[in-house]
Amino acid sequence: MIKREIKHFNIEQICRSGQCFRMEAVDHGRYRVIAGNRYLEIFQRGEICEFYCDDRTFENFWSDYFDLGRDYGECIDKINPRDTYLADAAEFGSGIRILHQDLWEMIVTFLISQQNNIVRIRRCVQNICEAYGKECVTDDGISYYAFPEPEVLAQLGEDDLKACNLGYRSKYVVRTARDVVFGNVNLDKIRSMSYKKAKAELLKLFGVGDKVADCICLFALHHLEAFPRDTHMNQVMEKHYKRGFPNRRYKGMQGIMQQYIFHYELFGKQKE
């Protein structure tokens, strides 16, 4: 077990921020997350976090996954004090961090996310993992399923994933898996590209539009200048940023600000 005191880290806020759909609460203050074929349990009380893994795994994987090397306080401090809306959003969601997730997993996850809600996305992702992912067991005997490899999904018929409640999105996932396996899409090359080039490459995938491409760039490739916008976010921009979001002021951290706004709109308004 690794114990750390971490400022600007709130596992509950991260869990419900819409980045990751294989993270869930298992008890009060305790969460579990599955990333690829890795499993982790986290317990948090205040700023004290306990990560139930060994030192090597924490340093080589989970520290980067949770972006623990970044000072999110510096990002919050750069918010224009006259922008009370963004300041309130950042204060409300100050424990959010941008996760650094697997590219393949994020492509599939956000293909599934289209015209979908968070609860249903979680269920769909769980369904395909249980149906096509490899079963794994932790040292403590906990059984879970790894995220399915593209080689497995590429063998399916275009409608086969409808059985996992993907609906019309089934063909998006299967065709993309085939593109990856047959070499039409090179994930390693995309990982090394700039934000603009990576987004352009992702937009070539069947079923990927602007918002999905930006989500993949932000949550997998960690291009923090990506600013995913759906209909809901466009409404926020129209209401609070009629002249456009101040990208120049927040250069290189627009995606962090987007997450504060997204989380605030989903949960902050309930507090008002």
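Keep in mind it's a predicted model, so treat the numbers as computed, not measured.

A. Region of interest: the overall build of the protein chain. When its secondary structure is counted, the protein chain shows 13 helices and seven strands. Relative to the 2.2 N^0.38 estimate, which gives 19 Å for 272 residues, the radius of gyration of the protein chain is 19 Å and therefore close to what a compact globule would have. The buried share of the protein chain, reckoned over its 272 residues, is 51%. Summarising the internal contacts of the protein chain: among those between residues at least 6 apart in sequence, 66% fall at separations of at least 24.

B. View of the environment of N234. Mapped onto the elements of the fold, N234 is located in helix α12 (residues 231–240). Assessed through its relative accessible area of 36%, N234 is described here as partly exposed. Considering only alpha carbons, one finds N234 and A87, 147 residues apart in sequence, at a separation of 19 Å.

C. Representation of helix α4 (residues 84–92). Of the residues making up α4, those classed as buried are Y85, L86, A89 and A90. Mapping the buried residues of α4 onto a view down its axis gives an arc of 130°, with all of them on the same face. Seen from the buried face of α4, the exposed residues on the opposite side, beyond 90 degrees, are T84 and E91. The elements touched by buried residues of α4 are α3 (72–77), α12 and α13 (254–267).

D. Structural detail: the environment of G255. Positionally, G255 belongs in helix α13. Take G255: its relative accessible area is 0%, and that puts it in the buried class. Considered as a pair, G255 and C215 are 40 residues apart in the sequence and their alpha carbons are 9.1 Å apart. Filtering out sequence-adjacent residues up to four positions away, G255 remains in contact with I98, L218, L224 and A226.

E. Local environment of the packing of α12 against α13. One way to put it is that α12 packs onto α13 with a least axis distance of 11 Å and a crossing angle of 100°. The pairing of α12 with α13 is recorded here as roughly perpendicular in orientation. For the pair α12 and α13, the contacting residues are H232, M233, V236 and M237 in the first and Q258, I261, F262 and E265 in the second. For the contact of α12 with α13, a count of residues per class yields five nonpolar, two polar and one charged.

F. Quick look at the packing of helix α10 (residues 195–202) against helix α11 (residues 210–219). Interaxial distance between α10 and α11 falls to 9 Å at its minimum, and their mutual angle equals 130°. Considering the angle they form, α10 stands oblique to α11. Considering the relative orientation of α10 and α11, their crossing is right-handed. Residues Y195, A198, K199 and L202 of α10 form the contact with α11, whose own contacting residues are D210, A213, D214, I216 and C217. Across the contact of α10 with α11, the residue classes tally to six nonpolar, no polar and three charged.

G. Fine view of the state of the cysteines. Applying the stated rule across the entire model yields zero disulfides. Lacking any disulfide linkage, C164 is separated from the closest cysteine sulfur, that of C124, by 8.2 Å. Residue C164 is classed as buried on the basis of its relative accessible area, which comes to 5%. Of the cysteine sulfurs around C217, a residue in no disulfide, the closest is that of C215, at 9.5 Å.

H. The arrangement of unusual backbone geometry in detail. The backbone of D67 shows a phi angle near 55°, a positive value even though the residue is not glycine. Relative to the assigned elements, D67 resides in the loop between α2 (55–65) and α3. A positive phi angle is found at H222, which is not glycine, with a value near 60°. Looking at H222, the relative accessible area reads 14%, which means it is buried.

Calculation notes
- Residues numbered from 1 in each chain as written.
- Predicted model: local features only at pLDDT ≥ 70, side-chain atom pairs only at ≥ 80, totals over all residues.
- Heavy atoms only, no water.
- Helix = DSSP H or I, 4+ residues; strand = E, 2+ residues; numbered from the N terminus.
- Rg over C-alpha atoms; globule rule 2.2 N^0.38 Å.
- Buried < 20%, exposed > 50% of the residue type's maximum accessible area, 1.4 Å probe, protein only.
- Contact = heavy atoms within 4.5 Å.
- Arc of directions from axis to C-beta.
- Axes fitted to C-alpha atoms, helices over the stretch in contact; angles between N-to-C directions.
- Parallel < 35°, antiparallel > 145°, perpendicular 65-115°, else oblique.
- Nonpolar A, V, L, I, M, F, W, Y, C, P; charged D, E, K, R; others polar.
- Left-handed = near helix turned anticlockwise from the far one by under 90°.
- Disulfide = S-S within 2.5 Å.

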